Amino acid sequence: MLCWRPRNMTSSTKVVLLACGSFNPVTNMHLRMFEIARDALNKTGRYQVTGGIMSPVSDGYKKKDLVSAKHRCAMLKAALKSSDWIKMDTWESDQSSWSPTAKVLRHHRQQTEAQFGHKPSPSKRRKKHLNTENTDYHGSEEANDLANTLEAVTVSDLPQNQVPLVEVEGDPAPCVKLLCGADLLESFAVPGLWQEEDIDYIVGQHGLVVITRSGSDPHKFIYESDVLTKYQENIYIVTEWIYNDISSTKVRRALRRGDSVKYVVQDTVIDYIRQHQLFGVPDNTT
Ligand SMILES: Nc1ncnc2c1ncn2[C@@H]1O[C@H](COP(=O)(O)OP(=O)(O)OP(=O)(O)O)[C@@H](O)[C@H]1O
Ligand SMILES: NC(=O)c1ccc[n+]([C@@H]2O[C@H](COP(=O)(O)O)[C@@H](O)[C@H]2O)c1
Ligand SMILES: [Zn+2]
């Protein structure tokens with residue numbers, strides 16, 4: 001089961017969309033992904049998107065040309081002034097080492113559940129160990145305690161279907177789903193890039209919302225993958241008909257060459273890039 005919800009609940013499932021990425025720099029397409037996904041999910045009548053989170057990768061990712069998290073977060077903060085529902089979260093970028101996406105999702109699931117004040121049932125609270133027969137291992141009264149306990153447990157430590165879920169007392173917490181482009185989905189097949197148990201956890205326990213991207217065929221990719229086919233009801237593919245192949249790589253290239261990136265990234269981001277002379281942007285002030 002992807003998301004715990006009371007059996008008698010007939011209303012739509014609340015969803016928080018989480019996008020992990022370098023955002024080096026954040027482009028209008030990163031922001032558009034959220035709008036496209038929210039429209040598509042809300043229109044199904046089965047989901048209600050209640051929030052969006054952008055989580056920039058930490059400096060420990062060490063990808064070529066990655067500017068510091070300080071700058072990437074500042075640009076993201078500036079860009080998000082134009083949105084009233086997408087927020088940046090710096091938990092991941094504050095880490096000194098790179099965090100696998102499964103770990104970031106798990107962190108946000110715990111945060112979301114804690115925000116909703118979910119409490120463990122008294123019977124479950126007494127069970128300190130995680131490896132119970134219950135698939136609905138219940139969360140903590142004191143959110144921090146739970147976070148600390150679980151922090152020590154990697155996703156792969158938890159047997160399948162024994163991922164900590166929280167019993168609902170009142171409103172159910174939204175499900176946290178990974179929002180990504182089709183290229184990220186297809187990177188699951190790159191040997192050694194993703195742990196199998198992480199893919200299982202991400203798709204099996206959270207779910208994906210995938211935005212189509214030029215050069216990708218997510219339906220075919222799912223068909224060719226046994227694990228993705230197994231969980232295909234947890235993968236929601238959204239076709240972006242207003243086709244736009246913006247990428248941070250192209251933005252960095254244009255900036256390096258002194259070309260305009262206006263209307264491709266937010267003006268506030270352009271101002272920040274010029275002010276801090278990032279991405280090799282030529283200094284026009286001298
Ligand atoms: N044009 C796009 N269409 C669909 N998804 C996109 C697009 N641009 C970025 N994404 C998605 O945004 C997320 C963050 O990606 P990332 O920060 O790597 O951006 P990027 O533009 O691909 O950057 P880079 O060129 O540096 O790899 C990923 O899930 C990626 O698939
Ligand atoms: N094994 C993993 O969890 C894994 C592998 C590759 C990329 N990612 C994430 O995907 C996002 C996009 O990465 P790229 O910018 O390299 O395409 C980043 O947030 C990165 O942390 C996660
Ligand atoms: Zn990318």
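Quick note: structure is the one above.
Figured I'd write up the structure that's included with this text. Once a new chain begins, its residue numbering starts again from 1 and follows that chain's sequence as written. Ligands are numbered from 1 and chains lettered from A, in the order in which they are written. With the structure being a predicted model, the display of local features is reserved for residues of pLDDT at least 70 and the display and counting of side-chain atom pairs for 80 or more, all residues being used for whole-chain, interface and lining totals. Only hydrogens and water are set aside; all other atoms, that is, all heavy atoms of the structure, feed into the side-chain values.

Attention now goes to the environment of Y47. Its place among the elements puts Y47 in strand β2 (residues 47–56). For Y47, a relative accessible area of 15% gives the class buried. For the pair Y47 and P174, spaced 127 residues apart in sequence, the C-alpha separation works out to 9.8 Å. Contacts are assigned to residue pairs with any non-hydrogen atoms lying within 4.5 Å of each other. Every residue in contact with Y47, bar those within four places of it in the chain, is listed here: S12, T13, V15, L41, N42 and K177. Working definition: helices are DSSP H or I runs of at least four residues, strands are E runs of at least two. Numbering for both runs from the N terminus. Exposure classes here rest on a 1.4 Å probe applied to the protein chains alone. A residue is buried below 20% of its type maximum, exposed above 50%, and partly exposed in between.

For R72, the location among the structural elements is in helix α2 (residues 69–79). What qualifies as a polar contact is a pair of N or O atoms within 3.5 Å, subject to a donor-acceptor requirement within protein and to the restriction that residues adjacent in sequence count only when both atoms come from side chains. Among the polar contacts made by the side chain of R72, one reaches the main-chain carbonyl oxygen of V57 at a distance of 2.9 Å. Within polar-contact distance, the side chain of R72 engages the side chain of D59 at 3.1 Å. In this view, R72 contacts S22, F23, N24, P56, V57, S58, D59, L66 and V67; residues no more than four positions away in its chain are not counted.

Attention now goes to the site of ligand 2. Neighbouring residues are identified by heavy atoms, a residue being near a molecule or strand if any of them is within 4 Å of it. Around ligand 2, the surrounding shell consists of C20, G21, S22, V57, Y61, K63, W98, P100, T101, L184, L193 and W194. Measuring from an oxygen atom of ligand 2, one finds a side-chain N or O atom of S22 at 3.1 Å. Between an oxygen atom of ligand 2 and a side-chain N or O atom of Y61, the distance comes to 2.5 Å. Across the complex, the protein chains shield 86% of the 490 Å² of accessible surface that ligand 2 would expose by itself. Residues were grouped as follows: Ala, Val, Leu, Ile, Met, Phe, Trp, Tyr, Cys and Pro as nonpolar; Asp, Glu, Lys and Arg as charged; and all remaining residues, including Gly, as polar. Class assignment of the residues belonging to the shell around ligand 2 gives a composition of eight nonpolar, three polar and one charged. Here the open area of atoms and residues is found with the Shrake-Rupley method and a 1.4 Å probe, where only the protein chains shown may cover a residue.

Let us look at the site of ligand 1. Residues in contact with ligand 1 amount to 20 residues; listed here are only the nearest, H30, D183, I246, S248 and T249. Between ligand 1 and N244, the relevant distance is 3.4 Å, taken from a nitrogen atom to a main-chain nitrogen or oxygen of the residue. I246 has a polar backbone atom sitting 2.9 Å from a nitrogen atom of ligand 1. In the complex, the protein chains occlude 92% of the 600 Å² of accessible area that ligand 1 would expose alone. For the shell around ligand 1, the secondary-structure elements that each account for two or more residues are β1 (13–21), α1 (28–44), β4 (175–181), α7 (182–186) and α11 (248–256). Within the shell around ligand 1, the residues separate by chemical class into seven nonpolar, nine polar and four charged.

This part is about unusual backbone geometry. Going from N24 to P25, the amide bond is cis rather than trans, its omega being 5°. Tracing the chain through its elements places P25 in the loop between β1 and α1. The backbone of Y263 sits at a positive phi, close to 75°, despite the residue not being glycine. Under the relative-accessibility criterion, Y263 is labelled exposed at 69%.

Before going further, it helps to examine the side chain of R252. As for its placement among the helices and strands, R252 is situated in helix α11. For the purpose of counting charges, residues Lys and Arg are taken to be positive, whereas Asp and Glu are taken to be negative. His and the chain ends are not included. Should a side-chain nitrogen of Lys or Arg be within 4 Å of a carboxyl oxygen of Asp or Glu, the pair is scored as a salt bridge. Salt bridges are absent for the buried R252, whose nearest opposite-charge side chain, D65, sits at 4.4 Å. Sequence-distant contacts of R252, defined by excluding residues within four places in its chain, comprise N24, P25, D65 and F279.

α2 sits mainly inside the fold: eight of its eleven residues count as buried. Turning to α2, its buried residues number three or more, namely A69, H71, R72, C73, M75, L76, A78 and A79. Where α2 is buried, its residues contact α1, β2, β3 (86–88), α3 (91–94) and α12 (267–276).

On to the environment of Y231, then. Tracing the backbone shows Y231 in the loop between α10 (226–230) and β6 (235–238). On the basis of relative accessible area, Y231 is assigned to the buried category, the value being 10%. Along the primary structure Y231 and I36 are separated by 195 residues, whereas in three dimensions their C-alpha atoms are 22 Å apart.

What follows covers the nonpolar core. By nonpolar core is meant a set of buried Ala, Val, Leu, Ile, Met, Phe, Trp, Tyr and Cys residues that side-chain atoms within 4.5 Å join together. By size, the foremost hydrophobic cluster in this structure holds 40 residues, and its most contacted members are L17, M54 and L179. When residues in this core are grouped by element, the largest group, eight residues, is from α1. In this structure, L18, I199, Y201 and I235 belong to the second largest nonpolar core, which totals 27 residues.

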